[in-house]
Structures are given as structure tokens and as C-alpha cells.
Amino acid sequence: MPLISTGAGGGSDFEPVPAGTHMARCVSVVDFGFQETQHGPKPKVYLGFEIAGVRVEWEKDGKRHEGPALIGSTYNNSIHPKSVLGQHLVNWRGREFTDAERDGFDLFTIVGVPCMISVTHNVKAGKTYANVSGIMGAPPGVKVPKAEGDLLRYSASAPETLGDFDKLPAWMQKKCNASAPAPSAAPPQVPPPGHSPGPDDFDDDIPF
């Protein structure tokens, strides 16, 4: 089952990813379900990226490990033209979504796709946080290394992805388990019956 985004309107001990532009690869899409916000329950989704050019070290089970840096961002699960997720995906794919695509776009299709991300820093309570402020397509001819870690797809509504739940970090598992019931007026999170992309919906130069 896909993870659908429609057109309707954690802590770490690692050093923050350096500010600037980095070649990256999307390695995770995690559906947090409806999360309580100051404006009521909103559907949230997390996109995670692996940056092979930034290396980090950590200790686990008494052993030192080394690998690519990870960074991610949580979005409202909407590809409305004014949504942050929608704008980031349009910049990434280099083309606007068609009306048919906005009816129901499968976010799982971006897992494993290379890109270029912009990272900015902000300081809160004396601690520096790195944020994904923009996503663009990888420049033509630039090879982005294959993912070194697992490619993860998770949504409680997609049975075939449930096996990835145990691979998620504890804070993500907690977030998923804390999802709120969908409000009765929430937009549908499934594609319209009988929908299938038409021949003009895709282009070989579009990554997803």
C-alpha cells in the first residue's frame, strides 16, 4: 500500500550537520499519522536523508562505529502548492505536480532517490539545530553514493511496511504510537477510486 500525500490544504548526541548544501539520498519516509498541534490534529510525515560526504562516529554496544550523517525533517503530509512539503518536492523533481498527481501522490516513491539538500542552523536554548531548509534535484552527471544504511518505509496503514517499525529509532516509534485519531473532516489519505497516472504524468527526466 502506498503512503499518499494529497493536495489538500528529536534529540541527538551527534554534532549538527554542517550548514550549506550537501549531496544526499532519501533513506526514509515515516508516516507519523495525525499529531496534535496548536491548530488541531494534522497528518505528519518524516523524510530522512543520508549524507555520504559528512561522516560521523558513534558508540553502540561498546563498539565505535563510523558512517554517513543523517538528517531529516517533519512535514504536514500535504502537497498543496502552498505547503512546505509540496514546494520541496516540486523543487526536487523540477516540475509542478499535475492535478491527477495532487489527487494522491505516493511518498514512498522518493525513498532511495538522490537529491541536493540545503541545511541551515538555528540556535535555541544554547543548542545548535540543523534543519533541512530546501531540497533540489541532483545536478546532471553528479553521482550520489548508494545508501549505506537501510531504506525505510513505514506507515501503520501499509501492512507491508510494518516490519520496518523495529528499525526506527525510539523517538520515531514513540511518535508513531502517539498518533491521534483522524478528525472527521480530514482530507482522504487514499487515491481516488480507479485513478491511474496518464501517459503525460511522467517524464524520464523526473526522479519520481
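Note that this is a predicted model, so its numbers are computed, not measured. (Residues numbered from 1 in each chain as written. Predicted model: local features only at pLDDT ≥ 70, side-chain atom pairs only at ≥ 80, totals over all residues. Heavy atoms only, no water.)

1. Thoughts on the environment of Thr 74
Item 1. Assignment of secondary structure puts Thr 74 in strand β4 (residues 63–76).
Item 2. Sequence-distant contacts of Thr 74, that is, excluding residues within four places in its chain, are made with Phe 32, Lys 44, Val 45 and Tyr 46. (Helix = DSSP H or I, 4+ residues; strand = E, 2+ residues; numbered from the N terminus. Contact = heavy atoms within 4.5 Å.)

2. Concerning the nonpolar core
Item 1. Membership of the largest hydrophobic core comes to 33 residues, with the highest contact counts inside it found for Val 29, Phe 49, Leu 89, Trp 92, Ile 110 and Ile 117.
Item 2. Of all the secondary structure elements, the ones that give two or more residues to this core are β2 (20–35), β3 (42–60), β4, α1 (84–93), β6 (114–124) and β7 (127–136).
Item 3. If you tally residues by element for this core, the top one is β3, at six residues.
Item 4. Ignoring anything within four residues of it in the chain, the contact list for Leu 89 reads Ile 79, Phe 97, Phe 105, Leu 107, Ile 110 and Phe 208.
Item 5. With nine residues, the next largest nonpolar core counts Tyr 46, Leu 152, Tyr 154 and Leu 168 among its residues. (Core = buried A, V, L, I, M, F, W, Y, C linked by side-chain atoms within 4.5 Å. Buried < 20%, exposed > 50% of the residue type's maximum accessible area, 1.4 Å probe, protein only.)

3. As for the pattern of salt bridges
Item 1. Scanning all chains against the criterion turns up seven salt bridges.
Item 2. Here Glu 96 ties to Arg 102 by a salt bridge, and the two come within 3.1 Å at their closest N and O atoms.
Item 3. On the basis of relative accessible area, Arg 102 is assigned to the buried category, the value being 13%.
Item 4. Between Asp 164 and Lys 167 there is a salt bridge whose closest N-O contact spans 3.7 Å.
Item 5. Residue Lys 167 is classed as partly exposed on the basis of its relative accessible area of 47%.
Item 6. Here the salt bridges do not stand alone but share partners, grouping Arg 55, Glu 66 and Glu 148 into one network. (Salt bridge = Lys/Arg side-chain N within 4 Å of Asp/Glu carboxyl O.)

4. Section: the packing of aromatic side chains
Item 1. For the structure shown, the criterion picks out eight aromatic pairs.
Item 2. Ring centres of Phe 32 and Trp 171 lie 6.1 Å apart, and the angle between their planes is 65°; on these two criteria the pair is classed as edge-to-face. Placement of Phe 32 in strand β2 and of Trp 171 in helix α3 (residues 170–177) is noted, with a sequence separation of 139 residues between them.
Item 3. Assessed through its relative accessible area of 1%, Phe 32 is described here as buried.
Item 4. For Trp 171, a relative accessible area of 30% puts it in the partly exposed group. (Phe/Tyr/Trp six-rings, centres within 6.5 Å; stacked < 30°, edge-to-face > 60°.)

5. Examining the state of the cysteines
Item 1. A full pass over the atoms with the stated rule returns zero disulfides.
Item 2. No disulfide involves Cys 115; its sulfur sits 6.9 Å from the nearest other cysteine sulfur, which is in Cys 26.
Item 3. When its relative accessible area of 0% is taken as the criterion, Cys 115 is described as buried. (Disulfide = S-S within 2.5 Å.)

6. Some details on the pairing of β2
Item 1. For β2, a buried count of 13 out of 16 residues is recorded, marking the element as mostly surrounded by other parts of the structure.
Item 2. As paired elements, β2 and β6 share six bridges and run antiparallel to each other. Residue Thr 21 lies in a different strand from β6, and its bridge partner there is Ser 118.
Item 3. Across nine bridges, the pairing between β2 and β3 is antiparallel. Bridging across to β3, Gly 33 finds its partner in Lys 44.
Item 4. Hairpin remark: β2 followed by β3, antiparallel, with six residues in the connecting loop; positive phi at Gly 40, about 95°.
Item 5. As defined by bridge partners, β2 adjoins strand β8 (residues 152–154) across three bridges and the pair is classed as parallel. Residue Val 30 lies in a different strand from β8, and its bridge partner there is Tyr 154. (Pairing = 2+ DSSP bridges.)

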